Amino acid sequence: MKVISYNLQKHRAVGELSALASEHDPDILCLQECDVADLPETIGDLTLADATQGNRLGLAMFYRASEFHLQGIRTIELKKSLHDRIAKPAHERVLGARLRDIDAGRDFIAASFHAAPLTALNSLRRHQIRAALTELATLGEGLPQLMVGDYNYPVFKENLGKTVREHGYALTMSDDHTYTRYRVFRGHYDFATSVGFEIQRVTTLPQGLSDHRPILVTTRFD
């Protein structure tokens, strides 16, 4: 299974999605910072599962309906940073879907995630990640789970990895840096957290119009 995650930087990179889907043929496409009112119902062979509605720039997920049945959707609000309380950029920071792999006859959970911005503390983002994983699990107890997105976690990733492992999940970074806007903050921002999946590789795709580079997660059930 192939999953692409892409932060569109305030919807700037939306015009790249058709070519991205055509070139890399993902089964699931997870988006952050997209203008949900301006999203198409389909991108290539992918169908819109859902998008957040609580804020204009939100999260969305597309999936291959010929391979998966959509069983359920959940949007999740997380503990807010000071920036969130003042600027109110995002009420819903997780969009999760329960999908059934038709050929395998197995259900799993996939999610698009966008952590609090860099003005927040890493401790808040760790709290958000733990809460997101816990809440997503309510879509199906014991199901394989894959959460991809913009984790906004530039430094001290060993603390994040420890937190995720203690929660029973694996953290997988991409093979190259994914954020390029500010030289001092360049690094790996876009990750995958998972349980019940074998992450074979996370490939950083070429730079487009966004300040984030897309990542391509190649995985299979354990």
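Everything below is about the structure printed above this text.
All of the points below concern the structure found in this document. (Residues numbered from 1 in each chain as written. Predicted model: local features only at pLDDT ≥ 70, side-chain atom pairs only at ≥ 80, totals over all residues. Heavy atoms only, no water.)

**What about the packing of aromatic side chains?**
And step 1. Evaluation of the coordinates by the stated rule reveals seven aromatic pairs.
And step 2. Seen in terms of ring centroids, Phe-108 and Phe-197 are 5.9 Å apart; in terms of plane orientation they differ by 90°. Their pairing is edge-to-face. Placement of Phe-108 in strand E8 (residues 106–114) and of Phe-197 in strand E12 (residues 197–204) is noted, with a sequence separation of 89 residues between them.
And step 3. A centroid spacing of 4.6 Å and a plane angle of 20° characterise the contact between Tyr-179 and Tyr-189, whose relative ring orientation is stacked. A residue pair is termed long-range when its members are at least 10 positions apart, and Tyr-179 in the loop between strand E10 (170–172) and strand E11 (190–195) and Tyr-189 in the loop between E10 and E11 qualify at ten residues. When sorted by exposure, Tyr-179 lands in the same class as Tyr-189, which is buried.
And step 4. The rings of Phe-68, Phe-108, Phe-197 and Phe-221 are connected pair by pair, giving a single aromatic cluster.
And step 5. Taking the ring centre of Phe-221 as reference, the NZ or CZ of Arg-106 above it sits at 4.4 Å. (Phe/Tyr/Trp six-rings, centres within 6.5 Å; stacked < 30°, edge-to-face > 60°. Helix = DSSP H or I, 4+ residues; strand = E, 2+ residues; numbered from the N terminus. Buried < 20%, exposed > 50% of the residue type's maximum accessible area, 1.4 Å probe, protein only. Lys NZ or Arg CZ within 6 Å of the ring centre and 35° of its normal.)

**Observations concerning the pattern of salt bridges**
And step 1. Inspection of every chain in the model, using the stated rule, returns nine salt bridges.
And step 2. What you see here is one network of salt bridges that share partners, running through Asp-25, Asp-27, Asp-45, Arg-64 and Glu-67. (Salt bridge = Lys/Arg side-chain N within 4 Å of Asp/Glu carboxyl O.)

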